[in-house]
Amino acid sequence: MKKYDVAVVGATGAVGEQMLSILAQRKFPVNNVYAVASSRSAGKKVSFGDAEIEVHDLTKFDFSKTHIGLFSPGASISKEYAPKAAAQGCVVVDNTSQFRYEDDIPLVVPEVNAHQIANYKTRGIIANPNCSTIQMLVALKPLQDAVGIERINVATYQAVSGTGKEAIDELDQQCRAIFNNEPIKCDVYPKQIAFNALPHIDMFMENGYTKEEMKMVWETQKIMEDDSILVNPTTVRIPVKYGHSEAVHIELKEKLTAQKARDLLAAAPGIVVIDEHKDGGYPTAVSEGEGTDPVYVGRIREDISHPRGLNMWVVSDNLRKGAALNSIQIAEVLIKNHI
């Protein structure tokens, strides 16, 4: 089997650590793995399987010795270094928001539009979508293929790890402060996140939606290759460490029974259906999502308020399928079919 030299850029961050872990877990055919991060982290050690590897300084790293770059260093860093890496012959899979909305860069969820990976040659970059979009579209693709989707109403319940390590720390600190009857400090989020729900992720746009919400609109239409799909999202941050949950309500082009939807979803790649009408007969972020690869779907039911409506509950680990795993699945298709 041919082996590949892979750079993980942003290797000391939450997603970068997951990328290194999943590369080892899935036995990706690596020759050399390079952990790359800012100069502050250069020389540190990070885990790759059973080994410890040294972190390289991004500003000095030579991408010509790599085949694939898995990037998750932040949008501004990717903006500068992803094109440089691509110019040196490294195919970049970028997990930031920097390139998602550029027409000549494919935006890919392998279970949904893997064929778009072939278009990486234009600029040498493939974009990884937003975590909340990824899990929703994995769950909706079988239904779109079966009867078509007119409209999506979605409310997300997103884990603090989507903001980063500092947000996980803030949640921990606030919980300790509450239990110890100490003052609450809010540095990462504008209001207390512990035991709370904040209907605000990313900046507010002129239309009153947040950027996180608009990402779900733009990305759904691009990935599904259908600008006619209407998307109405509300994104909420909740005090869960890992795993996003979504209440998804869709209006289909043709009626689909709940049982038919279950059958379609159960047969689709990357999906696990947990849908029993009993206590605990549904997936949750903590019980099923955290630390696992699938997109879980439950609470599948016909919408009593719409003749072609269908409701479902969608859960997945935002750092795995929502970021690192999706990037590596793109790389797996890339080496299988394209490089």
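Our structure's up above, just so we're on the same page.
Residues numbered from 1 in each chain as written. Predicted model: local features only at pLDDT ≥ 70, side-chain atom pairs only at ≥ 80, totals over all residues. Heavy atoms only, no water.

**Student:** Residue-level account of the packing of aromatic side chains, with values.
**Tutor:** For any two aromatic rings, the description comes down to two numbers: the centre-to-centre distance and the angle of the planes. Going through the model one piece at a time under the given rule, you end up with six aromatic pairs. Between F179 and F195, the ring centres sit 6.0 Å apart and the planes meet at 80 degrees, which makes this aromatic pair edge-to-face. Here F179, found in helix α5 (residues 165-179), pairs with F195, found in the loop between α5 and α6 (211-224); they are 16 residues apart in sequence, far enough to count as distant. Residue classification places F195 among the exposed residues on the basis of a relative accessible area of 56%. Following the ring pairs from residue to residue traces out a cluster consisting of Y34, F61, F63 and F71. If you follow K84 out to its NZ or CZ, it ends over the ring of Y81, 4.8 Å from the centre. (Phe/Tyr/Trp six-rings, centres within 6.5 Å; stacked < 30°, edge-to-face > 60°. Helix = DSSP H or I, 4+ residues; strand = E, 2+ residues; numbered from the N terminus. Buried < 20%, exposed > 50% of the residue type's maximum accessible area, 1.4 Å probe, protein only. Lys NZ or Arg CZ within 6 Å of the ring centre and 35° of its normal.)

**Student:** For the side chain of E219, give the residues involved together with the corresponding values.
**Tutor:** Topologically, E219 is positioned in helix α6. Overall, the relative accessible area of 0% leaves E219 in the buried class. In terms of polar contacts, E219 uses its side chain to reach the side chain of Y101, at 2.7 Å. Residue contacts for E219: discarding those within four places in its chain leaves R100, Y101, L107, P129, N130, T133 and L137. (Polar contact = N/O pair within 3.5 Å; in protein donor to acceptor, adjacent residues only side chain to side chain. Contact = heavy atoms within 4.5 Å.)

**Student:** Mind laying out the side chain of S41, listing which residues take part and the relevant values?
**Tutor:** Structurally, S41 can be placed in the loop between β2 (30-37) and β3 (45-48). Exposure remark for S41: the relative accessible area of 9% places this residue in the buried category.

**Student:** Pulling in residues and values, what's your account of the sheet that holds strand β8 (residues 149-158)?
**Tutor:** One open sheet accounts for six strands, arranged β9-β8-β10-β13-β12-β11; its pairing is mixed. One side of each edge strand has no neighbouring strand; the edge strands of this open sheet are β9 (230-237) and β11 (271-273). Here the average twist between neighbouring strands, direction ignored, is 20 degrees. Pairing geometry for β8 and strand β10 (residues 244-252), over eight bridges, is antiparallel. In the sheet register, R151 faces β10, and the bridge partner there is E251. Sitting on the sheet, helix α4 (residues 131-146) touches β8, β10, β11, β12 (295-302) and β13 (309-316), and the angle it makes with β10 is about 35 degrees. Contacts from α6 reach β8, β9 and β10 within the one sheet, and its direction differs from that of β9 by about 145 degrees. (Pairing = 2+ DSSP bridges. Axes fitted to C-alpha atoms, helices over the stretch in contact; angles between N-to-C directions.)

**Student:** Hey, could you go over the pattern of salt bridges for me, with residue numbers and the actual values?
**Tutor:** By the definition in use, this model includes 18 salt bridges. Between R123 and D104 there is a salt bridge; the shortest N-O distance is 3.0 Å. With R123 in the loop between α3 (110-113) and β7 (125-127) and D104 in the loop between β6 (91-94) and α3, the pair connects residues that are 19 residues apart, well separated along the chain. The exposure class of R123 is partly exposed, given its relative accessible area of 31%. Of the charged contacts, one joins E302 and K255 as a salt bridge, the two residues approaching to 2.9 Å between their closest N and O atoms. Highlighted residues: E302 in strand β12 and K255 in the loop between β10 and α7 (258-266), separated in sequence by 47 residues. Since its relative accessible area comes to 32%, E302 is described here as partly exposed. Through salt bridges with shared partners, a single ionic network connects R26, D293, R320 and E332. (Salt bridge = Lys/Arg side-chain N within 4 Å of Asp/Glu carboxyl O.)

Geometric values such as these leave the question of function open.
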